[in-house]
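These are the residues of each chain, in order.
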Amino acid sequence: MNVLYFAWVRERIGLPRETVETEAATVAALVEELKAREERYAAAFADISALRVALDQELADFDAPLAGVREVAFFPPMTGG
Amino acid sequence: MNVLYFAWVRERIGLPRETVETEAATVAALVEELKAREERYAAAFADISALRVALDQELADFDAPLAGVREVAFFPPMTGG
Amino acid sequence: MQEAPFDAGAELNRFSAGAAGAGAVVSFSGIVRDVEGRLNAMEIEHYPGMTERAIRDIADQARERWSLLDVMVIHRFGTMRPGDQIMMVATASRHRVAAFEAAEFLMDYLKSRAPFWKKEVTDEGKTWVDATQADEEALNRW
Amino acid sequence: MQEAPFDAGAELNRFSAGAAGAGAVVSFSGIVRDVEGRLNAMEIEHYPGMTERAIRDIADQARERWSLLDVMVIHRFGTMRPGDQIMMVATASRHRVAAFEAAEFLMDYLKSRAPFWKKEVTDEGKTWVDATQADEEALNRW
């Protein structure tokens, strides 16, 4: 599964994207797996309410299932316009 | 006193402006004097609610006094923009 | 206030370039709409003198109510064809809400409080455009 | 979606010329604002692929909700200087209310639902711009 990071999430984790092998059923479960890896992940995901997630380029909730998803992206609230 | 007419008021009365000698105290009194003159004035002023009036280029009410006013203009509701 | 056509894009660029510090520029262009393909021309009559005064007054009101860096109003009179630009309004502000609201305010007031009268010219003749109740009621929200 | 600058005036003219039958064209330009004279640059990051998708989806929603003749969205990414145009939205409709509302809707959604992130560059360093509660709440009116 491709996992992408943007803005300060990318900076905290230190890379823009990576391939992750996971059996996580939901976004929240994937986040727990990532947090358990290393301190930089734990720091990036410390406050989930400050983050947004997109599954295959569509905004989703953290309790959304990952079945069939190829691309997960984590980022802070958008500031376009 | 200069009296100006615009849009269909101008067309019904048949002229864009004229000088009127009047002792009318209010716009409404001036309108009554004009209506008494000729049928075309009576036709133009038949329905006062369909008209607007400006005194010295400021919108006003029909009961506004004419003392000191140099220019009175009658016209239908505006359709700018 | 002018009879001549104007270039909306050039006016927008000039306006934006002049509004130093703006984060938001909103423009509105009014265009002669060809109603059911039967409009030959639109004639716009105005009240010289009062028009300038009314537009200045409406623009001043907008500046008082919103924090604006600049305001622009262009309004033509005379004869125009379908597709021609009739008028244009632009507002510049630090934030988008003020720029949008002020532009809508300007349009609502120009529609019903600036002394312009539109006449449609078709093959069947010429007809004065009626003011609408909706346009009058639009003023109530301000 | 582009990194290169664009000419807002030329885009407005092209958009208006292409929107046959429009009586009202509204444009919004977002400009890099020099906050307190200390901003050296604004960097805009985006999510290639999702950005195009999100903008198309927001534009489609606007077309469903209002009777629009055309919609335009331009949004840059990369590094910009104070005074540079970041983005532009334009809407064309027969009447002004739809054009204004649709443009505001597009802006509110682009602000908070299109995957762009702004970073301010000053002499003190670089800072990500925080999303505001007001921008999030602006979506509630639609």
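Residues numbered from 1 in each chain as written. Chains lettered and ligands numbered in written order. Predicted model: local features only at pLDDT ≥ 70, side-chain atom pairs only at ≥ 80, totals over all residues. Heavy atoms only, no water.

Draft legend 1. Molecular detail of the overall build of chain A. A count of helices and strands for chain A gives three helices and five strands. Along chain A, helices and strands appear, N-terminal first, in the series β-α-β-α-α-β-β-β. For a compact globule of 81 residues, the expected C-alpha radius of gyration is about 12 Å, and chain A comes in at 12 Å, within 12% of that figure. Taken along its principal axes, the extent of the C-alpha atoms in chain A is 30 × 30 × 20 Å. Across the 81 residues that make up chain A, the buried fraction comes to 47%. Considering only contacts within chain A whose residues lie at least 6 apart along the sequence, 50% involve residues at least 24 apart. (Helix = DSSP H or I, 4+ residues; strand = E, 2+ residues; numbered from the N terminus. Rg over C-alpha atoms; globule rule 2.2 N^0.38 Å. Buried < 20%, exposed > 50% of the residue type's maximum accessible area, 1.4 Å probe, protein only. Contact = heavy atoms within 4.5 Å.)

Draft legend 2. Representation of the overall build of chain C in the model. The helix and strand tally for chain C stands at four helices and seven strands. Starting at the N terminus, the α and β elements of chain C follow one another as α-β-β-α-β-β-β-α-β-β-α. In summary, chain C has a C-alpha radius of gyration of 16 Å against a globular reference of 14 Å for 142 residues, a match within 12%. With the principal axes as the frame, chain C shows a C-alpha extent of 50 × 35 × 30 Å. Counting across all 142 residues of chain C, residues that qualify as buried make up 56%. In chain C, of all internal contacts separated by at least 6 residues, the share reaching a separation of at least 24 is 77%. Carbon together with sulfur atoms contributes 44% to the accessible area of chain C, which is approximately 6000 Å² in total. Treating the 17 positive side-chain charges of chain C as one cloud and the 23 negative ones as another, the clouds have centres 4 Å apart. (Areas by Shrake-Rupley, 256 points an atom, 1.4 Å probe, with all protein chains shown as cover. Lys, Arg positive; Asp, Glu negative; His and termini not counted. Charge placed at Lys NZ, Arg CZ, Asp CG, Glu CD.)

Draft legend 3. Spatial organisation of the pattern of salt bridges. Tallied over the entire structure, the rule returns 26 salt bridges over all chains. A salt bridge links Arg53(D) to Glu58(A); its shortest N-O distance comes to 3.6 Å. Of this pair, Arg53(D) sits in helix α2 (residues 50-65) while Glu58(A) sits in strand β4 (residues 58-60), each in a different chain. Relative accessible area serves as the criterion here: at 36%, Arg53(D) is assigned to the partly exposed category. Across the salt bridge formed by Glu11(D) and Arg14(D), the nearest N and O atoms sit 2.7 Å from each other. Of the two residues, Glu11(D) and Arg14(D) both sit in helix α1 (residues 8-18), three residues apart, roughly one turn of that helix. Residue Arg14(D) is classed as exposed on the basis of its relative accessible area of 57%. (Salt bridge = Lys/Arg side-chain N within 4 Å of Asp/Glu carboxyl O.)

Draft legend 4. Structural detail: the packing of aromatic side chains. Residue and element names in this part refer to chain B. Applying the stated criterion across every chain yields a total of 28 aromatic pairs over all chains. Relative to Tyr 41, the ring of Tyr 5 lies with its centre 6.5 Å away and its plane at 65°, an arrangement referred to as edge-to-face. Placement of the pair is Tyr 5 in strand β1 (residues 2-5) and Tyr 41 in helix α3 (residues 39-44), with a sequence separation of 36 residues. Judged by its relative accessible area of 1%, Tyr 5 falls in the buried class. Ring plane angle 80° and centroid distance 4.8 Å describe the contact between Phe 45 and Phe 74, whose orientation is recorded as edge-to-face. One end of the pair, Phe 45, is in the loop between α3 and β3 (52-55); the other, Phe 74, is in strand β5 (residues 71-75), and 29 residues separate them in sequence. (Phe/Tyr/Trp six-rings, centres within 6.5 Å; stacked < 30°, edge-to-face > 60°.)

Draft legend 5. Quick peek at the interface of chain C and chain B. Taken together, the contacts link 25 residues of chain C with 20 residues of chain B. Taking both sides of the interface into account, the surface hidden between chain C and chain B amounts to around 1900 Å²; carbon and sulfur atoms contribute 56%. There are three salt bridges connecting chain C and chain B. Put simply, Glu45(C) and Arg10(B) hold a salt bridge, and the shortest N to O gap is 2.5 Å. Joining chain C to chain B, the criterion identifies 14 residue pairs in polar contact (both at pLDDT 80 or more). Looking at the side of chain C that touches chain B, the elements with two or more residues in it are β2 (39-46), α2 (50-65), β5 (85-93), α3 (96-113) and β6 (116-122) of chain C. Here the side of chain C that touches chain B takes five residues from α3(C), the largest share from any one element. Residue composition of the side of chain C that touches chain B, grouped by class: 14 nonpolar, four polar and seven charged. (Buried area = accessible area lost by both parts, 1.4 Å probe. Polar contact = N/O pair within 3.5 Å; in protein donor to acceptor, adjacent residues only side chain to side chain. Nonpolar A, V, L, I, M, F, W, Y, C, P; charged D, E, K, R; others polar.)

Draft legend 6. How the structure looks around the interface of chain D and chain C. Contacts between the two partners involve 33 residues from chain D, matched on the other side by 33 residues from chain C. Carbon and sulfur atoms make up 54% of the surface buried where chain D meets chain C, a total of about 2500 Å² over both sides. When residues of chain D are sorted by the area they lose upon contact with chain C, Arg33(D), Arg96(D) and Phe100(D) head the list and together hold 28% of the total. Between chain D and chain C we count four salt bridges in total. The closest approach of N and O atoms between Asp135(C) and Arg96(D), which form a salt bridge, is 2.9 Å.

Draft legend 7. Fine view of α2(C). Residues and elements named next belong to chain C. In a regular helix each residue adds 1.5 Å, so 16 residues correspond to 22 Å; α2 covers 22 Å between its end C-alpha atoms and thus fits that length. Of all the positions in α2, only Met 50, Thr 51, Ala 54, Ile 55, Ile 58, Ala 59 and Ala 62 are classed as buried. The buried residues of α2 occupy an angular sector of 165° when the element is viewed end-on, so they sit on one face. Facing away from the buried side of α2 by over 90 degrees, the exposed positions are Arg 56 and Glu 64. (Expected span 1.5 Å × (residues − 1). Arc of directions from axis to C-beta.)

Draft legend 8. Up close: the sheet that holds β1(B). Residues and elements named next belong to chain B. Reading across the sheet, the five strands line up as β2-β1-β5-β3-β4 and stay open at both edges, with mixed pairing between neighbours. The open sheet terminates on both sides in strands that have one partner only, identified here as β2 (17-19) and β4 (58-60). Taking each pair of neighbouring strands and ignoring which way they run, the sheet shows an average axis angle of 25°. As defined by bridge partners, β1 adjoins β2 across three bridges and the pair is classed as antiparallel. From the neighbouring strand, Leu 4 faces β2, where its bridge partner is Arg 17. (Pairing = 2+ DSSP bridges. Axes fitted to C-alpha atoms, helices over the stretch in contact; angles between N-to-C directions.)

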